[in-house]
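The primary structure of each chain is shown beneath.
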Amino acid sequence: MSTKNFLIVTCLGALLFIPFLGHVHLFDWDEINFAESAREMLVTHNYSQVQINFQPFYEKPPLFMWVQALSMSVFGINEFAARLPNAIIGIITLLIIFNVGTKILDERFGWLWVLSYIGSFLPHFYFKTGLIDPLFNLLIFLGIFQFIKLTDLENFKPAKCFRIAMFAGIFIGLAILTKGPVALLISAFCILIFWATFRFKPVIPFKCIVVFLISAFIVSCAWFGLDVIRNGPKFIFSFFDRQVELFKNPDAGHDGPFYYHFVVLLLGCFPASLLMFSSLKNEVSETHRIRNMKKWMIILLVVVLIIFSIVRTKIIHYSSLAYFPITFLAAYGLYKLIYLSKKKPNAIILGGLILIAALVASALISIPYLGNHISILERFITDDFGRAALHAKVNWTGLESAIGVIYFIIFIIGIVLLSKKEARFFGAMAIFIAGVLCTQIGLFVYTGKIEEYSQKAAIDFFIEHQNEDCYMEVWGYRSYAQYFYGKKKPPANTAILTSGDMVFSPNVDKPVYMVVKVGNDLTRYDHFKEIGEKNGFVFLKRVK
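Residues numbered from 1 in each chain as written. Predicted model: local features only at pLDDT ≥ 70, side-chain atom pairs only at ≥ 80, totals over all residues. Heavy atoms only, no water.

K.L.:
Report on the state of the cysteines, specifying residues and quantitative values.
P.N.:
Within the structure shown, the criterion is met by one disulfide. Cys190 carries a free sulfur, and the closest cysteine sulfur to it, the one in Cys269, is 16 Å from it. (Disulfide = S-S within 2.5 Å.)

K.L.:
Lay out the environment of Asn249 with the relevant residues and their values.
P.N.:
By secondary structure assignment, the location of Asn249 is in the loop between helix H11 (234-248) and helix H12 (260-268). In this structure Asn249 comes out as partly exposed when scored by relative accessible area, which is 42%. Taking the C-alpha atoms as reference, Asn249 lies 20 Å from Ile236; in sequence the two are 13 residues apart. Contacts of Asn249, omitting those with residues within four sequence positions, involve Arg312 and Thr313. (Helix = DSSP H or I, 4+ residues; strand = E, 2+ residues; numbered from the N terminus. Buried < 20%, exposed > 50% of the residue type's maximum accessible area, 1.4 Å probe, protein only. Contact = heavy atoms within 4.5 Å.)

K.L.:
Account for the side chain of His317, naming residues and giving values.
P.N.:
The residue His317 is located in the loop between helix H14 (288-310) and helix H15 (323-340) in this model. Its relative accessible area of 9% is what places His317 among the buried residues. Excluding its chain neighbours within four sequence positions, the residues that come into contact with His317 are Asp30, Tyr126, Leu131 and Asp133.

K.L.:
Outline helix H7 (residues 133-150), listing residues and values.
P.N.:
Helical periodicity: at 3.6 residues per turn, an α-helix aligns residues three or four positions apart in one direction. Its 18 residues place the ends of H7 26 Å apart at the C-alpha level, agreeing with the 26 Å of an ideal helix rising 1.5 Å per residue. Counting buried residues in H7 gives 17 out of 18 residues, a clear majority hidden from the surface. (Expected span 1.5 Å × (residues − 1).)

K.L.:
Describe in detail the environment of Leu370, supporting the description with residues and values.
P.N.:
Assignment of secondary structure puts Leu370 in helix H16 (residues 347-372). A relative accessible area of 25% places Leu370 in the partly exposed class. Residues Leu370 and Ile170, spaced 200 residues apart in sequence, show a C-alpha to C-alpha distance of 50 Å. If near-sequence neighbours (up to four positions away) are discounted, Leu370 is found in contact with Ile376 and Leu377.

K.L.:
Describe the nonpolar core, with residues and values.
P.N.:
Core analysis: the biggest nonpolar cluster contains 164 residues, and Trp113, Met293 and Tyr407 have the highest contact counts within it. When residues in this core are grouped by element, the largest group, 13 residues, is from helix H4 (residues 79-104). Leave out the neighbours within four places in its chain, and Trp113 touches Ile97, Val100, Gly101, Phe141, Met293, Phe324, Thr327, Phe328 and Ala331. Counting 11 residues, the second-largest nonpolar core is a separate cluster that includes Tyr471, Met514, Val516 and Leu540. (Core = buried A, V, L, I, M, F, W, Y, C linked by side-chain atoms within 4.5 Å.)

K.L.:
Could you give an account of the environment of Leu301, naming the residues involved and the relevant values?
P.N.:
Along the polypeptide, Leu301 turns up in helix H14. In sequence terms Leu301 and Cys190 are 111 residues apart; their C-alpha atoms lie 9.4 Å from each other. With near-sequence residues (within four places) excluded, Leu301 lies in contact with Leu265, Met276, Ala322, Pro325 and Ile326.

K.L.:
Account for the pairing of strand S5 (residues 528-534), with residues named and values stated.
P.N.:
Looking down a regular strand, the side chains alternate between one sheet face and the other. Where S5 and strand S6 (residues 537-542) come together, six bridges link them in antiparallel fashion. The residue bridging Glu530 from the neighbouring strand is Leu540, located in S6. Here S5 hands over to S6 after two residues, with Asn535 in that stretch at a positive phi of 50°. (Pairing = 2+ DSSP bridges.)

K.L.:
Run through a positive patch on the surface, naming residues and quoting values.
P.N.:
Residues Lys103, Lys149, Lys157, Lys160 and Arg163 make up a contiguous surface patch of positive charge. Within the secondary structure, Lys149 sits in helix H7. (Patch = residues over 30% accessible without salt bridge, like charges linked within 9 Å, V, L, I, M, F, W, Y side chains within 5 Å. Areas by Shrake-Rupley, 256 points an atom, 1.4 Å probe, with all protein chains shown as cover. Salt bridge = Lys/Arg side-chain N within 4 Å of Asp/Glu carboxyl O. Lys, Arg positive; Asp, Glu negative; His and termini not counted. Charge placed at Lys NZ, Arg CZ, Asp CG, Glu CD.)

K.L.:
Tell me what's going on with the sheet that holds strand S4 (residues 512-517), and back it up with residues and numbers.
P.N.:
What the four strands build is an open sheet, ordered S3-S4-S6-S5; its pairing is mixed. Two strands bound the open sheet, and with one partner strand each, they are strand S3 (471-475) and S5. Across the sheet, the mean angle separating the axes of adjacent strands is 25° when strand polarity is ignored. As paired strands, S3 and S4 are joined by five bridges and run parallel to one another. Across the sheet, residue Glu473 finds its bridge partner in S4, namely Met514. Those strands touched by helix H21 (residues 456-464) are S3, S4, S5 and S6, and its axis lies near 30° from that of S6. (Axes fitted to C-alpha atoms, helices over the stretch in contact; angles between N-to-C directions.)

K.L.:
Describe the pattern of salt bridges, with residues and values.
P.N.:
Under the criterion given, the structure shown has 10 salt bridges. For Arg289, the salt bridge goes to Asp152, with nearest N and O atoms at 3.0 Å. Of the two residues, Arg289 is situated in helix H14 and Asp152 in the loop between H7 and helix H8 (161-179); the sequence distance between them amounts to 137 residues. For Arg289, a relative accessible area of 26% puts it in the partly exposed group. Between Asp460 and Lys456 there is a salt bridge; the shortest N-O distance is 2.9 Å. Of this pair, Asp460 and Lys456 are both found in helix H21, four residues apart, which corresponds to roughly one turn of the helix. By relative accessible area, Asp460 is classed as partly exposed at 28%. With a relative accessible area of 22%, Lys456 lands in the partly exposed category. Shared partners join several salt bridges into a network, and the residues in it are Glu286, Arg291 and Lys294.

Interpretation note: all reported values are geometric properties and have no functional meaning in isolation.
Structure, rendered in C-alpha cells:
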C-alpha cells in the first residue's frame with residue numbers, strides 16, 4: 001500500500017468513526033457491560049480477572065476490556081474512551097481490507113471494498129460503539145485470511161507455510177481471548193467445509209494445521225492457563241455453561257425465528273447485501289486467487305448464518321462477522337459490473353435496491369411524525385413500561401425527516417448512474433455515500449432521542465446520586481448502568497452486594513436507592529418509598 005493511500009484511508013476512517021463518540025450515554029446492556037468491566041479493572045488494579053459489580057464475570061475473556069481500560073487510562077472513564085477502541089479498530093479494518101483487496105485484484109477493487117464497508121449501515125455503525133464484536137470479527141477475518149493465503153496455490157510459497165499457519169493461530173488465539181472458543185469453532189467449520197469442497201484431499205498441509213492449533217493454544221493459554229492456575233477452572237466451566245444456555249434457550253427475551261439473521265443482514269448490510277448476489281457466478285476469466293478468496297468468503301458467510309441461526313439467543317451483532325464476506329462479494333460484483341462487464345446491471349437486483357431504499361427512507365421520514373403522534377404507537381405496545389416510555393418529552397421538529405428524503409434522492413441518483421456504463425463507478429459511489437450520510441446523520445440525530453425513550457431517565461438518576469455514599473441497584477430488570485454511571489466503588493461491606501441484599505437485608509449501612517420499571521412496584525415493601533417517576537422508571541428509596 002502506498003503512503004498516499006494509507007493516509008487517505010486512515011483519514012477517512014478517522015473522520016467517520018471518531019467524531020461524536022461521546023454524543024450519548026453508553027447503552028445497556030453490552031456497551032455498559034464491557035465499559036464497566038474495564039472501569040473496575042482500573043478501580044481495583046485487577047487486570048487478570050473480568051468483573052461486574054466487583055464480582056467475577058464469567059461470560060467474556062478480558063482482551064477487549066484490557067483495550068478499553070487502556071483507553072480509559074488515557075482519556076478518562078467516559079463514553080468517548082469506551083468507544084474509541086472500536087473507532088481505531090475501524091480504521092485498521094479499512095486499511096486491511098484495502099490492502100487485501102489491492103493484493104487480490106487491484107487498487108480499484110480495494111477502494112470498492114472500503115466503500116462497500118463504510119456505505120452499508122451496520123458495518124459502519126459498529127465502529128462507533130463500545131461493543132466487543134469489531135475486534136473479534138477483525139481477528140477472525142485475519143485468521144481466516146491466513147488460510148486463504150495457504151490455499152492460493154498459484155501464489156503460495158511452501159517456505160512460508162509455518163509462518164502463515166503460526167499467524168493464523170495467533171489471530172484465532174487472540175479472538176478466543178476476546179470472545180471465547182467460538183472463534184476456533186467458526187474457523188474450524190470454515191476449514192472443514194473448504195476441505196470438503198476438495199473431497200477431503202490434502203489441500204492444506206497437515207503440519208500447517210498442527211502449527212495453527214499449537215499457536216492458537218499457546219496464545220489463548222496466555223490468559224486462560226494463568227486464570228486456571230490462579231482461580232481454578234471455574235471460569236472455564238461457568239463460561240461453557242453460559243454458552244450452552246445461550247445455545248439452547250433465548251436469553252432475557254432475545255428470541256427469534258430461524259431466519260432472524262438473514263433479515264438482519266439483508267437490511268443491516270444494505271446495500272451490500274443485495275449487490276453481493278451479482279458476484280456469485282464464477283467467470284472463466286477469474287484468476288485462481290480471486291476464485292479462492294470468493295470461495296472462502298462464501299463459506300465464512302454460510303458458517304456464520306448456520307451457527308447463529310441455530311443458536312436460540314438472537315442478538316443483532318451475533319452475525320456481524322458476516323460483514324466481511326458480504327461487503328467483499330458486493331465490491332467484487334461492482335468491480336465486474338464497472339470494469340469487466342458490458343452487460344446492464346441485473347434488473348432484479350436494481351429493483352430490490354430501490355425497494356429496500358424506499359422502505360428505509362420511508363421509515364426515516366415517518367419516525368418524527370410518529371414521535372409527535374404517540375397515540376398511533378400506543379396501539380401496538382402492550383406492556384406498561386413501553387407505554388410510559390413513549391410519553392418521554394422528546395423534541396421532534398419534523399426536520400429530521402429530511403434525512404430520509406436526502407438519502408433516497410442520492411440513492412436514486414446512484415441507481416441512475418449505475419445503469420449507465422460510463423458512469424457506473426460514480427453510481428456506486430453515490431449509493432454508498434447515501435449510506436454513509438444516512439448512518440452518520442442518523443446516529444447524530446436519532447440516538448439521543450432513542451435514549452430519551454429507552455434509558456436516559458434511569459441513567460440521569462444514577463448520575464445525580466453518583467457522588468453520594470449510598471447503594472444503587474435495579475429491581476426486576478437487568479442493567480449495568482447503576483455501576484458505571486453510579487461510579488460504584490469496591491464494597492467495604494461484602495454482605496450487601498446484590499439488589500436482593502439491598503431489599504431484604506435487615507441491616508444496611510448506607511442509603512439505598514432502587515430503580516424499577518412501571519408495573520414492578522417495590523412499594524409493597526413498607527420500607528421503600530417512591531421518590532420519583534419518569535419515562536416508565538420508578539425511583540425508590542429505602543426508609544427503614
